[in-house]
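Each chain is listed here by its residues.
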Amino acid sequence: MAQIPSLDHAPVNLSALREQSQKELIQVLSSVRGKKVLILDPKLSGPLALIAQPALLKENGVENLYHLSADSVPSECKNVIYLVRPRVGLMKLVSAQITQDNIQKLQKNYTLVFLPRRTIVCEKVLEEEGLLNSVTILEYPLHFIPFDEDVLSLELDMAFKETKVDGDLSAVWYLARAIMLLQAQFGVIPNIKGKGKAAAQVADILSRMQREQNPDATAAAVTPEIDTMILIDRQVDLVTPMCWQLNYEGLIDEFLTISNGAVELDPAIMGITQAGIKKAKVPLNSSDKLYRELRDLNFAVVGQVLRNKATSMKQDYNDVTGGGPQHQSVSELKDFVKKLNALPELTRHTNIAQHLSTFTTNSKFLTRLSIEQTLVEGQSYDISFEFVEEMIHRQEPLTSVLRLLALLSLTSGGLQKKHFDYLRREFLHTYGFEHMFTLSNLEKAGLFRKQEAKNSWQNLKRGFKLVVEEHDDANPTDICYIFSGYAPLSIRLVQQALKGGWKAVDELVRLLPGQSFEKKQGVSADQGVPSREGSIQSLQSREGSIHGLPSREGSIREGSVTSDSAPADGRRAVVLVVFIGGVTYAEISALRFLGAQEGMKYDFVVATTKLINGTTLLKSMVEES
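All values reported here derive from a predicted model rather than from experimental measurement. (Residues numbered from 1 in each chain as written. Predicted model: local features only at pLDDT ≥ 70, side-chain atom pairs only at ≥ 80, totals over all residues. Heavy atoms only, no water.)

Student: Could you clarify how one ought to interpret the sheet that holds strand β5 (residues 135-139) in this entry?
Tutor: Where strands meet in a sheet, backbone hydrogen bonds hold them as pairs that are either parallel or antiparallel. As summarised here, the arrangement of the five strands in space is β2-β1-β3-β4-β5, forming an open sheet in which the pairing is parallel. Because the sheet does not close on itself, it has two edges, and the strands there are β2 (62-67) and β5. Taking the axes of each pair of neighbouring strands and ignoring which way they run, one obtains an average angle of 20° across the sheet. (Pairing = 2+ DSSP bridges. Helix = DSSP H or I, 4+ residues; strand = E, 2+ residues; numbered from the N terminus. Axes fitted to C-alpha atoms, helices over the stretch in contact; angles between N-to-C directions.)

What follows is the structure, encoded as structure tokens:
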């Protein structure tokens with residue numbers, strides 16, 4: 001099964017996005033004539049594999065592929081292409097390699113390709129090393145990468161920290177730019193709703209980009225395929241990623257780590273006995289029909305579904321062999337053979353589920369899950385506090401401790417001063433004083449703080465019905481099944497935005513950080529077609545002059561958008577839900593569940609800066625010595 005997912009059933013034509021990215025990659029490679037070696041930023045190899053297969057690279061002259069490191073590249077090829085994110089650390093590695101080649105008097109042509117754009121800071125590093133004139137600099141504007149039929153990601157792993165801790169708005173600018181390109185493909189999105197500071201910044205930059213286009217450009221009369229965009233700042237709901245995901249896809253990510261649409265496992269787990277195989281790579285996307293069926297289920301149900309399928313297949317086998325092929329019609333035999341083709345998928349997921357159960361049945365995991373449930377329900381603060389204290393004293397993994405510590409702080413409205421100071425002191429004594437900066441990062445991001453005002457979590461929990469006492473994980477009627485009782489706050493916000501708008505629950509929405517807004521964009525109220533503001537024709541040529549910093553002129557104001565209606569022809573309206581700072585697989589599953597409900601008027605597409613879980617989000621905040 002190919003790692004690149006099939007996008008045939010996407011609500012909008014995401015294949016066009018991927019094809020455009022492939023064309024632009026070919027243009028970059030073709031700009032260097034002859035054979036060449038491609039040296040990649042290690043974090044780009046996975047996302048690039050979702051855009052182009054190795055065969056495409058070979059067809060365009062790439063002889064070998066290497067990861068950028070401090071070591072020189074063992075190749076005699078004269079043409080070298082570096083494909084990297086604009087990071088200072090990477091520039092120093094590139095400089096070291098080129099300098100090493102110069103010392104050895106190797107005559108090579110160097111092309112440095114920045115993804116998605118070049119930056120002055122990186123060029124300054126090259127200039128200081130005396131290499132700026134030795135390289136040809138290009139850009140590869142890869143923005144949204146289709147991870148599945150309904151999931152797009154920029155894969156900016158530091159986006160949350162950069163925006164909330166460092167004050168760096170680069171990720172916000174990249175996201176706004178990616179949305180502009182999305183509108184170039186699918187029309188100007190008429191309705192925008194958002195919650196949180198970063199959401200307002202994205203909408204602000206989006207408005208500025210539209211204003212700064214060539215005023216003579218004629219608006220592209222493209223009928224909008226996406227009806228509504230909902231922008232959600234991750235900081236608005238930090239509780240959800242701190243909770244352990246309990247859907248099948250989410251648990252795979254929690255325990256085994258999904259990376260770029262695939263998971264790497266020990267061959268023994270997958271029943272592979274062939275020698276020499278270090279890791280078995282298993283793609284996880286909609287191309288796997290069984291995975292498509294299982295991924296959004298609560299894990300407690302997955303085992304029974306797999307057993308039922310295995311039993312059904314065994315019964316079919318007995319019917320065929322017991323009665324003899326001569327007694328089976330051609331169509332019956334054909335159906336059986338079709339089921340046999342699904343046997344590898346069944347074996348694959350049975351092996352994965354069996355491996356996951358070794359974690360989920362562990363008493364330590366179940367105890368932690370119980371503490372999480374207690375915190376989300378807003379009960380037994382003292383018990384939870386003592387549990388976190390014990391975790392620190394047992395020197396449990398740093399991110400595991402931080403995750404529960406953050407959840408304790410978030411659901412308690414911050415920690416009492418004496419508790420805050422005590423846990424901070426104990427944490428630093430146990431894990432090292434270099435983590436003073438880690439705790440400082442958490443404070444800046446709102447993940448760990450002192451109690452300064454009344455705890456709003458109880459009001460949010462009741463008002464948005466975040467905890468559902470009676471639920472059936474096997475036959476769910478509410479999104480709370482994803483966490484066995486807790487409904488993700490972020491998805492409740494999406495539900496409310498589409499049901500009656502946030503103004504109906506304004507008092508609750510105000511309890512969450514950042515402003516909320518609803519506005520119309522680029523559509524003439526009389527004609528119903530994109531206005532001049534929505535024109536995207538000159539965007540490519542204007543990109544270099546747009547810096548994307550919010551201006552007073554482009555500030556967001558409360559709009560009067562109410563509910564969005566489905567298209568008049570009966571088609572379901574497409575809603576783009578954009579998470580700034582990361583989204584979990586559990587939240588994606590919750591949106592899929594909503595989209596599958598009878599009478600639902602919307603199809604959902606998720607876009608994000610990064611696919612995350614609580615551990616990966618916290619790792620980005622950790623400052624190593």
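So much for the structure itself; the text now carries on.
Student: Even after reading the chapter, I still don't get the environment of S484, so can you show me in this structure?
Tutor: Topologically, S484 is positioned in the loop between α20 (457-463) and α21 (489-499). With near-sequence residues (within four places) excluded, S484 lies in contact with L246, N298, Q373, H471 and D473. (Contact = heavy atoms within 4.5 Å.)

Student: Looking at this model, I keep getting lost on the sheet that holds strand β9 (residues 228-233). Mind explaining?
Tutor: Strands sit in the order β6-β7-β14-β13-β9-β8-β12 across an open sheet of seven strands; the sheet is mixed. Each edge of the open sheet is held by one strand with a lone partner, namely β6 (145-148) and β12 (516-520). For this sheet, the mean angle separating the axes of adjacent strands, direction not counted, is 20°. Looking at chain direction, strand β13 (residues 573-580) and strand β14 (residues 602-608) are connected through seven bridges and run parallel.

Student: Before we go on, may I ask you to explain α21 in this structure?
Tutor: For the α-helix, the turn length of 3.6 residues means that residues three or four positions removed from each other point alike. Across the 11 residues that make up α21, a large majority, nine, are buried. Of all the residues in α21, the buried ones are L489, S490, I491, R492, L493, V494, Q496, A497 and L498. Buried positions along α21 lie against β8 (191-195), β9, α9 (239-242), β13, α24 (585-595) and β14. Just past α21, the residue G501 takes up positive phi, approximately 85°. (Buried < 20%, exposed > 50% of the residue type's maximum accessible area, 1.4 Å probe, protein only.)

Student: Help me understand the packing of aromatic side chains, please; the structure alone is not making it clear to me.
Tutor: Geometry of an aromatic ring pair is reported as the spacing of the ring centres plus the angle between the planes. Tallied over the entire structure, the rule returns 13 aromatic pairs. Consider the rings of W244 and F255, whose centres lie 4.9 Å apart with planes at 35°: the pair is tilted. Here F255 lies in helix α10 (residues 248-256) and W244 lies in the loop between α9 and α10, a separation of 11 residues in the sequence. The class of W244 is buried, set by a relative accessible area of 12%. The rings of W244, F255, F359 and F365 are connected pair by pair, giving a single aromatic cluster. Sitting over the face of the ring of F387, R394 holds its NZ or CZ atom 6.0 Å from the ring centroid. (Phe/Tyr/Trp six-rings, centres within 6.5 Å; stacked < 30°, edge-to-face > 60°. Lys NZ or Arg CZ within 6 Å of the ring centre and 35° of its normal.)

Student: Where do I start with unusual backbone geometry in this structure?
Tutor: Glycine aside, the phi torsion of most residues is negative, and most peptide linkages are trans. That bond from L115 to P116 is cis: its omega, 0°, falls within 30 degrees of zero. Its location among the elements puts P116 in the loop between β4 (109-114) and α5 (120-128). Located in the positive-phi region is K105, a residue other than glycine, with phi close to 60°. You can see K105 is positioned in the loop between α4 (88-103) and β4. A positive phi is found at S380, a non-glycine position, where the angle reads about 50°. Structurally, the position occupied by S380 is in the loop between α15 (363-376) and α16 (381-393).

Student: Sorry if this is basic, but what is going on with the pattern of salt bridges here?
Tutor: Any two side chains of opposite charge can pair if their charged atoms end up close together. Evaluated as defined, the whole model comprises 29 salt bridges. In this structure, E123 engages R118 in a salt bridge whose closest nitrogen and oxygen atoms are separated by 2.5 Å. Measuring nitrogen to oxygen at the nearest pair gives 2.8 Å for the salt bridge that ties K417 to D421. Taken together, the residues K417 and D421, both in helix α18 (residues 417-431) and four residues apart, mark about one turn of the helix. For K417, a relative accessible area of 53% puts it in the exposed group. The exposure class assigned to D421 is partly exposed, which follows from its relative accessible area of 26%. Taken together, the shared-partner salt bridges connect D148, D150, E249, R295, D296 and R592 into one network. (Salt bridge = Lys/Arg side-chain N within 4 Å of Asp/Glu carboxyl O.)

Student: What is the right way to look at empty space enclosed by the protein in this model?
Tutor: Where empty space is left becomes clear once a probe the size of a water molecule has been rolled over the atoms. Tallying each qualifying case throughout the model produces five cavities of 30 Å³ or more. Reported here for the largest cavity is a volume of approximately 100 Å³. Together, F147, D148, V151, E249, I258, G261, L284, N285, Y585, I588, R592 and L611 line the largest cavity. Per element, the largest residue contribution to the lining of the largest cavity is three residues, and it comes from α24. Looking at side-chain class alone, the lining of the largest cavity contains seven nonpolar, two polar and three charged residues. Volume-wise, the second largest cavity comes out at about 60 Å³. If you go around the second largest cavity, the residues you meet are V37, I39, S72, V73, V80, Y82, Q97, D101, K108 and Y110. Listing elements by their share of the lining of the second largest cavity, those giving two or more residues are β1 (36-40), β3 (79-84) and α4. When its residues are assigned to classes, the lining of the second largest cavity shows six nonpolar, two polar and two charged. (1 Å grid on protein atoms, 1.4 Å probe; cavity = no way out; pocket = protein on both sides within 12 Å on 5 of 7 lines; lining within 4 Å. Points joined across faces, edges and corners; volume = space filled by probe spheres on them. Nonpolar A, V, L, I, M, F, W, Y, C, P; charged D, E, K, R; others polar.)

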